[in-house]
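Tertiary structure, described
Below are the chains, spelled out letter by letter.
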Amino acid sequence: MVEPRDVPTTAAPAPAAGVLAGPGLFLGLLLVALAGGFGGVALARMATAGPPALSASAELRPPAPPLPYGAALAPAVAAARRAGDDCFAPTLQRPRRDLQQAALLAWAQALPAELADDPLLRPCFDEWALLARARGDAATVAELAVRLARSDSDPRRGAIRAAVAAVDPAALRALAFAAFDAGWSGETELLLARAAAALGLDDVALRVVERRLAAAPDDFAAHLLAAERLARDPPTGLVRARDHAAAARALDPLSRRALLTLAEFELRSAEGAPATVAVLQAATAAQPAVAQLECALGVALLGARFFDEARGRFERAVELEPGMACAVAGVAATWLGLEEHYRAIGASRRSLEIADNPEAHDMLATVYLDAGNRERAWRTLDEGIAAWPDDAALLDHHSASLGLRGRPAEALHGLKRAVQLEPWNPEFLNDYAWELVNSADPALRRPGQGLELAQRVCGIEPGNAWYVNTLGVAWYRSDELARAVEVLDAACELPRGGGPFDHYFLAMAHQRLGDAAAAVAHFDEASLLHDRRDPEMKRVRLEARALLGLTEEGSDE
C-alpha cells in the first residue's frame, strides 16, 4: 500500500503546512489495488499532480498583477487569495510544482507593495514568504519581509518573521511560550503556527493552532493548517485531520485546496472512494473545465475500480492541460487495471516524458512488473534510484526488488532506510517487516522485529489483507503457530485476501500443528493460485513442499 507524501526539493527547513503540497499524493494510494508486488505488497505508486492555477504552457508566465491599490482592492485581494489556494492544493508534483511556486512568487513580487497593508492579504504575504524560505529563495524572503515590516509594525510578528528568516527554531519555540502567557491576536497566533511548522516544530504548531481554534472555531486557515499537520501523525491523527479538512471545506466550499485535502483523507478511509466520487462530481459540476478537479475525480473513480469512467476523466484533464503528467499516468493506471499492458506501457512512457521524476519511474516499473517484464522493471527502478537516492517510495520499491534479485542484505538496508525517512508509512513498514520475516537468507531474518513492525502497520490499516498476511507470517516465523493460523485465516476473509502466500503459510502452520489434511488442502489451494513468474513465491512453495513431504510430477519452474 502506498501512502501519500511530498518531499521538499531543497535542503531548506521543512515547509509549513500549506506551503508545500500538504500531506501527500493520493493517486498512488489507489494503485496498490491494481498491481501485484514484492511479497504480496504492491509496487504501485503514481505522481498526483493538479494543474497549476497559472498557465501550463511551455512558457509558464505569472498572471498580470491586480490593479493598483485603491483602484480595485476587492478583486486584487480575491485574485491573490485564490492564486495561493490553487498553488498550495495538495496534488502538485515535481517539476510542475516547482514551476508553479516560482511563478506564484514572481507574481507576488509584482503586486503593488501597498497591498501588504491590507489585513486580509497580509497572511498571504506571510505564507508566500514561508514558501520562499522553504525553497531557499533568500532574496524573495528579504523582499517580502521589507514589505511586511513597512505595513506591519507589530514587534511580535516581526520577531516571528526574523526567526524564520534566520532558521532559528529555538527562538521560535521561545516565542511560542511567550504567546501562551501573553494571549496574542489570532493573526499573530496563526503566523506563529505556520512558522513553527516551517521550521519542523510540529508540536508547537499544533498547540498554537488548537488554541486558535478554541477561540475561533470558524477560522478556515487554522482548520486547514491543523489538518495538514495532523496528517503527519498517523494513525489517530488521520481521523482528526479529516475532521479539520471537512470543517475547512464547509467554511469555504470554493477552495480547491480544502476540497482536495479532504478528498485525500477520504480516500484513505475504508469507504472513501464512493463518498469521494460524489463530492468530486459535485465539484466538477460547480467548477467545470478545471483539469485539477477532473484528475482528482479520475483518482476517486479509479479507487472504486470504474476504469472506463476514470479514464474518461483523466483524458478530459489532459485535454484541458496537455502537460498534466499525473492525468496521463492515470490513463496508464486504468489500462493496467484492465490488464491492457501494451497501452499502459505507452501511457506510462508518455507520463515519464512529460515529468521525469521518481513517481513516473515508479509507475513505469509497476506496469512492467505487472506485465511480467521483470528485467525492464528492475532497470527502470535502477535508473530512478540513481537519480533520486533519497526518494523514500522509490527507495522502498527498489530495495524490495533487490530481495527478489537475490540481494537480501542490500534489500534490508534500503527498506530500513525508507522506514527511517517515513516512519509511519504503512507500505514501507510492511515491506520492511516482510523482508525481516521472509528474507531469502534465513540468517538475516529477525522475526521478533518483523512481528513488532507488522503489528504496528496493522494498527494503522487493520483491513488490509496484505498487511494482515505479513502479520500472520511473522507469527509463523516466531513459532506462534496457533496465532499464525488465526491471523492468516482472517487475512483470507478480507477483500483481496486468500492469496497463495496466505495458503502456503497456512499449510506449513497446520502441518507443524499436526493437521496434515488441512495442510494438504491449503497447499492445493495455493497451487491453484501460484504465479510461476514470482521467484519469492516459488521459494515459499518449495519450503512448504519440503515441510509437508510432498512430491509432484513436473517442475516448479
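Everything below is about the structure printed above this text.
The shown structure was predicted, so the numbers you read here are calculated from the model rather than taken from an experiment.

Topic: the nonpolar core
- Counting 98 residues, the largest nonpolar core has Leu280 and Phe505 as its most contacted members.
- Once residues lying within four places of it in the same chain are set aside, the contact partners of Leu280 are Leu259, Leu260, Ala263, Ala296, Leu297 and Ala300.

A word on the packing of aromatic side chains
- Considering all chains together, one arrives at three aromatic pairs under this definition.
- Between Tyr476 and Phe505, the aromatic rings sit 5.6 Å apart at their centres with planes inclined by 70°, giving edge-to-face as the arrangement. Here Tyr476 is found in helix H24 (residues 465-477), whereas its partner Phe505 is found in helix H26 (residues 500-513), with 29 residues between them in sequence.
- Taking the relative accessible area as the measure of exposure, Tyr476 reaches 4% and is therefore buried.
- A cation over a ring is seen here: Arg311 above Trp335, with NZ or CZ 3.8 Å from the ring centre.
- Across from the ring centre of Tyr476, 5.1 Å away, lies the NZ or CZ of Arg512, which sits over that ring.

Some details on unusual backbone geometry
- Even without being a glycine, Ala289 presents a positive backbone phi close to 65°.
- For Ala289, the position within the fold is in the loop between helix H13 (272-286) and helix H14 (291-303).
- Positioned with a positive phi, Arg496 is a non-glycine residue whose angle comes to about 70°.
- Relative to the assigned elements, Arg496 resides in the loop between helix H25 (481-493) and H26.

What about the packing of H14 against helix H15 (residues 307-320)?
- For the pair H14 and H15, interaxial distance at closest approach is 8 Å and the crossing angle is 165°. The angle between the axes of H14 and H15 places the two elements in the roughly antiparallel class. In this structure, the crossing between H14 and H15 has a hand that is left-handed. Between H14 and H15, the contacting residues are Ala291, Glu294, Cys295, Leu297, Gly298, Val299, Leu301 and Leu302 on the first element and Phe307, Glu309, Ala310, Arg313, Phe314, Arg316, Ala317 and Leu320 on the second.

Quick word on the environment of Ala377
- Summarising the element assignment, Ala377 is placed in helix H19 (residues 374-387).
- Spatially, the C-alpha atoms of Ala377 and Val367 are 7.8 Å apart, while their sequence positions differ by 10 residues.
- Ignoring sequence-local partners within four residues, the contact set of Ala377 consists of Ala365, Tyr368 and Leu369.

A short note on the side chain of Thr276
- Its location among the elements puts Thr276 in helix H13.
- Beyond its immediate stretch of four places on either side in the chain, Thr276 contacts Ala263, Glu266, Leu267 and Ala300.

Remarks on the packing of helix H22 (residues 426-438) against H24
- The N-to-C vectors of H22 and H24 enclose an angle of 30°; their axes lie 10 Å apart at closest approach. Accordingly, the angle class assigned to the pair H22 and H24 is roughly parallel. Crossing hand, H22 versus H24: left-handed. Between H22 and H24, the contacting residues are Pro426, Glu427, Asn430, Ala433, Trp434, Val437 and Asn438 on the first element and Trp466, Tyr467, Asn469, Thr470, Val473, Ala474 and Arg477 on the second.

As for H15
- Given a rise of 1.5 Å per residue, 14 residues ought to cover 20 Å, and the 20 Å separating the end C-alpha atoms of H15 matches this to within 8%.
- Among all positions of H15, only Phe307, Ala310, Arg311, Phe314, Ala317 and Val318 are buried. Mapping the buried residues of H15 onto a view down its axis gives an arc of 120°, with all of them on the same face.
- Looking at the buried positions of H15, the neighbouring elements they touch are H14, helix H16 (325-337) and helix H17 (341-354).

Here we look at the pattern of salt bridges
- Under the criterion given, the structure shown has 19 salt bridges.
- Residue Asp154 pairs with Arg156 through a salt bridge whose shortest N-O separation is 3.0 Å.
- Relative accessible area serves as the criterion here: at 13%, Asp154 is assigned to the buried category.
- In the salt-bridge network here, residues are joined through shared partners; they are Asp154, Arg156, Arg157 and Glu187.

Definitions and cut-offs
- Residues numbered from 1 in each chain as written.
- Predicted model: local features only at pLDDT ≥ 70, side-chain atom pairs only at ≥ 80, totals over all residues.
- Heavy atoms only, no water.
- Core = buried A, V, L, I, M, F, W, Y, C linked by side-chain atoms within 4.5 Å.
- Buried < 20%, exposed > 50% of the residue type's maximum accessible area, 1.4 Å probe, protein only.
- Contact = heavy atoms within 4.5 Å.
- Phe/Tyr/Trp six-rings, centres within 6.5 Å; stacked < 30°, edge-to-face > 60°.
- Helix = DSSP H or I, 4+ residues; strand = E, 2+ residues; numbered from the N terminus.
- Lys NZ or Arg CZ within 6 Å of the ring centre and 35° of its normal.
- Axes fitted to C-alpha atoms, helices over the stretch in contact; angles between N-to-C directions.
- Parallel < 35°, antiparallel > 145°, perpendicular 65-115°, else oblique.
- Left-handed = near helix turned anticlockwise from the far one by under 90°.
- Expected span 1.5 Å × (residues − 1).
- Arc of directions from axis to C-beta.
- Salt bridge = Lys/Arg side-chain N within 4 Å of Asp/Glu carboxyl O.

All quantities given are derived from atomic positions and should not be read as evidence of function.
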